[in-house]
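Tertiary structure, described
Chain by chain, the residues run as shown.
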Amino acid sequence: MGRLFAALAVLAASLAPIAPSSPAGAPADLVFRHGAVYTVDNARSWAEAVAVSGGRIVFVGTDAAAAQWIGPQTKVVDLSGKMLLPAFHDSHVHPVSGGMEALECDLHGLASTDAVLDTIRSYAWSHPDAAWIRGGGWDLTLFPEGSPSRLALDRVVPDRPALLAASDGHSSWANSKALAIAGVTKATPDPPHGRIERDASGQPSGTLREEAVHLVSRHLPPRTAAEHEAGLRRGLEVASGFGLTSLEEADASAADLAAYAALDARGALTARVSASIGVHTDEGLGDLPRLRDLRAKYRSKRLHADAVKIFADGVIETRTAAVLEPYLGYGDDRGKTNLEPAAFRALAAALDKDGFQIHVHAIGDRAVRDTLDALEFAQKANGVRDSRHHVAHLELIDPADIPRFRRLGVVANFQPFWANGDEYITKMTEPELGPARSQWIYPIASVEAAGGITAFGSDWSVSSMNPLDGIEVAITHRDPSTGPGSAWLPKEQITLPDAIAGYTIRGAYLDFTEKETGSIEVGKAADLVVLDRNLFDVPPSQIHEAKVLWTLLEGKEVYRAKGF
Ligand SMILES: [Zn+2]
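**Topic: the overall build of the protein chain**
- A count of helices and strands for the protein chain gives 19 helices and 24 strands.
- Relative to the compact-globule value of 24 Å for 564 residues, the protein chain shows a C-alpha radius of gyration of 24 Å, a close match.
- Principal-axis analysis of the C-alpha atoms places the extent of the protein chain at approximately 80 × 55 × 50 Å.
- Sequence separation of at least 24 residues holds for 74% of the intrachain contacts in the protein chain that already meet a minimum separation of 6.
- Measuring between centres, the 55 positive side-chain charges of the protein chain sit 3 Å from its 72 negative side-chain charges.

This is the structure:
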């Protein structure tokens, strides 16, 4: 309990009002008025007007009181009822790898196998010099068992190797040339943490799961620094356009960090970035010196790498997630964890002792339990500190583990957009779990009701980076493209204020920046977003239709919609 109260006290202290500067001083640089300003302060207050000076918020209040901040040089923005919110935080996103993938053969959002194959064919046609056809974003649900065939890919890319990642990043699709280059044959055994899907005769069918992807991907030409930077610029453009100014990079490599630093040095890093460095799990504690070096090397006002990312397991759809009870219809198969519990505990304790924030990918209920066990072990070994370790995804949590988030002060980092009752859930997840366990898929409301702190993210490019998509689904539990109707798993729906907080102040809490950003309060940075409508005035099923008009980071424009 003590841990939780400490966490809440930090949160409350950070939200205490700060005395406004005297309006007798210089007028503000920028004044918003006639707005629907939802501040996300501790009282969840509303205001009409906000003044900004030197990149900071200097006034929040009524239109009448804002008048004294307006001088001849002040830019006045009349919102005429439009919404002003604190700019959004994405607590789990892959801006560099997602951006690079988007610039390659991009298969996201395609609704049929024909569309996927046509896209690959025309990409290959228009990139005759590419040694490999690479990219990704195909949906598992388009193919039986989530397993596309190398033969289909051979027909559209017959002349070169091709390797295309699934949208979730846990499977890849290879053609015959790629498998031949990698030497993957009938005789190749599955690697320890991966699976080579095979046809009836035992030949590799073309779909590779988890670590088996590396059998082929290690033959890809390494992406250059310029490609990393171009990918990051693309990722940042998408983020700014969706009103995001704080990003938790979910799996940074050294090359990714170099790209962030390169843009930062040019003044082009248009978001605050907190990077989780991907740990080389197999090296265990041996990886610590590298992690420490990267943390020390990349530290600026906009960028830090104080967190470490651990993949505890895979995904449920392909049974690579670690579950407590077997998957239905697959014998004794309970999936696999990437770390034995003892190794996980040792790694967590060492990282925690070293002051790292720990960020874990955990999907299955066994992986979630192992993670909480490891974080509890670290807390017992090193004592309670303000660590804000967090677990991302949390697709299935055993109800016995739900109160542990509050008890251990571990932040539950959900991707609310996934709780939409789509085919990933209805066709590939619920049948493998059965009805009893399926009650505990993405239990956001249950964790919050048990006093756990949640924060939200997109996992882009796995799914849409738009926080409004996530906010809508957190409330409706429906795919936004399907309009209003009955909710999937209604007991885990949350409210609009809670959903907004998860993308703002609680994201800031997760980033240790809640004194600087995450709400509209005097003294904080002017990280702000203007929306074309007040989200509280539209039906929940239309929240995703709201448009971002203007995004400001520390008072500076990072995105402006045409016509605003
Ligand atoms: Zn991720």
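There's plenty left to go through after this.
**As for the environment of Arg-272**
- Structurally, the position occupied by Arg-272 is in strand E16 (residues 272-278).
- Separated by 31 residues in the primary sequence, Arg-272 and Leu-303 place their C-alpha atoms 6.2 Å from one another.
- Setting aside its immediate chain neighbours within four residues, Arg-272 contacts Thr-245, Ser-246, Leu-247, Arg-302, Glu-516, Thr-517, Ala-525, Asp-527, Leu-553 and Glu-554.

**Section: the sheet that holds strand E11 (residues 162-166)**
- The sheet built from six strands is open, its strands ordered E9-E10-E11-E12-E14-E13 with mixed pairing. Each edge of the sheet is formed by a strand with only one pairing partner; in this case those strands are strand E9 (105-106) and strand E13 (194-198).
- In this sheet, strand E10 (residues 133-138) lies alongside E9 in parallel orientation, the contact comprising two bridges. Paired with Asp-106 across the two strands is Gly-136, which belongs to E10.

**Describing unusual backbone geometry**
- Residue Trp-460 is joined to Ser-461 through a cis peptide bond whose omega torsion reads 10°.
- Assignment of secondary structure puts Ser-461 in the loop between strand E21 (454-456) and helix H17 (467-476).
- Its identity as a non-glycine residue notwithstanding, Leu-394 has a phi of 50°, on the positive side.
- Position of Leu-394 among the secondary structure elements: in the loop between strand E19 (390-393) and helix H13 (404-408).

**Let's talk about the sheet that holds strand E5 (residues 56-61)**
- Pairing in this open sheet of four strands is mixed, and the strands run E5-E4-E1-E6 from one edge to the other. Looking along the sheet, the strands with just one partner apiece sit at the ends: E5 and strand E6 (75-78). Strand-to-strand twist across the sheet, computed as the mean angle between neighbouring axes with direction ignored, equals 15°.
- Here four bridges tie strand E1 (residues 30-33) to E6, and the two strands are oriented parallel to one another. Bridging across to E6, Phe-32 finds its partner in Val-77.

**Observations regarding the side chain of His-94**
- Here His-94 lies in the loop between strand E8 (88-93) and helix H3 (95-103).
- On the basis of relative accessible area, His-94 is assigned to the buried category, the value being 12%.
- Those residues in contact with His-94 that lie beyond four places of it in its chain are Gly-99, Glu-249, Ala-250, Asp-251, Asp-459 and Trp-460.

**As for the packing of aromatic side chains**
- This structure, assessed with the given rule, holds eleven aromatic pairs.
- The interplanar angle of 50° and the centroid separation of 4.9 Å between the aromatic rings of Tyr-38 and Trp-46 together place this pair among those described as tilted.
- We classify Tyr-38 as buried; its relative accessible area is 2%.
- Residue Trp-46 is classed as partly exposed on the basis of its relative accessible area of 42%.
- Here a set of aromatic residues connected by ring pairs shows up, and it is made of Phe-32, Trp-550 and Phe-564.
- Above the plane of the ring of Phe-356 lies Arg-295, whose end atom (NZ or CZ) is 3.8 Å from the centre.

**Re the environment of Phe-512**
- Examined against the element boundaries, Phe-512 turns out to sit in the loop between helix H19 (505-510) and strand E22 (528-531).
- In the structure, Phe-512 is positioned 238 residues away from Ser-274 in sequence and 9.5 Å away in space, judged by C-alpha atoms.
- Aside from chain neighbours lying at most four places away, what touches Phe-512 is Gln-357, Asp-386, Ser-387 and Arg-388.

**A closer look at the packing of helix H8 (residues 225-241) against helix H9 (residues 254-265)**
- Put simply, H8 and H9 touch, their axes get as near as 9 Å, and they point 70° apart. The orientation of H8 with respect to H9, classified from their angle, is roughly perpendicular. Crossing of H8 against H9: the hand is right-handed. Of the residues in H9, those touching H8 at His-228, Glu-229, Leu-232, Arg-233 and Leu-236 are Ala-255, Asp-256, Ala-259, Tyr-260, Ala-262 and Leu-263.

**Let's talk about the confidence of the model for the protein chain**
- In this model, the protein chain carries a mean pLDDT of 94, and residues with pLDDT of at least 70 account for 96%.
- The model gives residues 1-22 a pLDDT under 50, and that stretch makes 37 contacts with residues more than four places away or in other chains.

**A look at the packing of helix H11 (residues 341-353) against helix H12 (residues 365-382)**
- Contact geometry of H11 with H12 gives a least axis separation of 8 Å together with a crossing angle of 45°. When the axis of H11 is compared with that of H12, the two are oblique. Once H11 is placed against H12, the crossing between them reads as right-handed. Only Asp-370, Thr-371, Asp-373, Ala-374, Phe-377, Ala-378 and Asn-382 of H12 make contact with H11, whose side of the interface consists of Pro-341, Phe-344, Arg-345, Ala-348, Ala-349, Asp-352 and Lys-353.
- Classifying every residue of the contact of H11 with H12 gives seven nonpolar, two polar and five charged.

**Some remarks on the nonpolar core**
- The biggest cluster of nonpolar side chains holds 85 residues, and the ones touching the most others in it are Leu-85, Ile-310, Leu-351, Phe-405, Ile-471 and Leu-535.
- Leave out the neighbours within four places in its chain, and Phe-405 touches Val-368, Leu-372, Val-391, Leu-394, Ile-397, Val-410, Val-411, Ala-412, Val-447 and Gly-452.
- By size, the runner-up hydrophobic cluster in this structure holds 21 residues, among which are Cys-105, Trp-138, Ala-152 and Val-156.

**A short note on the pairing of strand E4 (residues 49-53)**
- Across the five residues that make up E4, a large majority, five, are buried.
- Burial of E4 is two-sided: the residues Ala-49, Ala-51 and Ser-53 facing one way and the residues Val-50 and Val-52 facing the other way are all buried.
- Sheet topology note: the E1/E4 ladder contains three bridges and is antiparallel. By the bridge assignment for E4, Leu-30 is matched with Val-52.
- With five bridges joining them, E4 and E5 adopt antiparallel strand pairing. Pairing of Val-50 across the sheet is with Val-60, part of E5.

Cut-offs applied
Residues numbered from 1 in each chain as written. Predicted model: local features only at pLDDT ≥ 70, side-chain atom pairs only at ≥ 80, totals over all residues. Heavy atoms only, no water. Helix = DSSP H or I, 4+ residues; strand = E, 2+ residues; numbered from the N terminus. Rg over C-alpha atoms; globule rule 2.2 N^0.38 Å. Contact = heavy atoms within 4.5 Å. Lys, Arg positive; Asp, Glu negative; His and termini not counted. Charge placed at Lys NZ, Arg CZ, Asp CG, Glu CD. Pairing = 2+ DSSP bridges. Axes fitted to C-alpha atoms, helices over the stretch in contact; angles between N-to-C directions. Buried < 20%, exposed > 50% of the residue type's maximum accessible area, 1.4 Å probe, protein only. Phe/Tyr/Trp six-rings, centres within 6.5 Å; stacked < 30°, edge-to-face > 60°. Lys NZ or Arg CZ within 6 Å of the ring centre and 35° of its normal. Parallel < 35°, antiparallel > 145°, perpendicular 65-115°, else oblique. Left-handed = near helix turned anticlockwise from the far one by under 90°. pLDDT = per-residue confidence, 0-100. Nonpolar A, V, L, I, M, F, W, Y, C, P; charged D, E, K, R; others polar. Core = buried A, V, L, I, M, F, W, Y, C linked by side-chain atoms within 4.5 Å.

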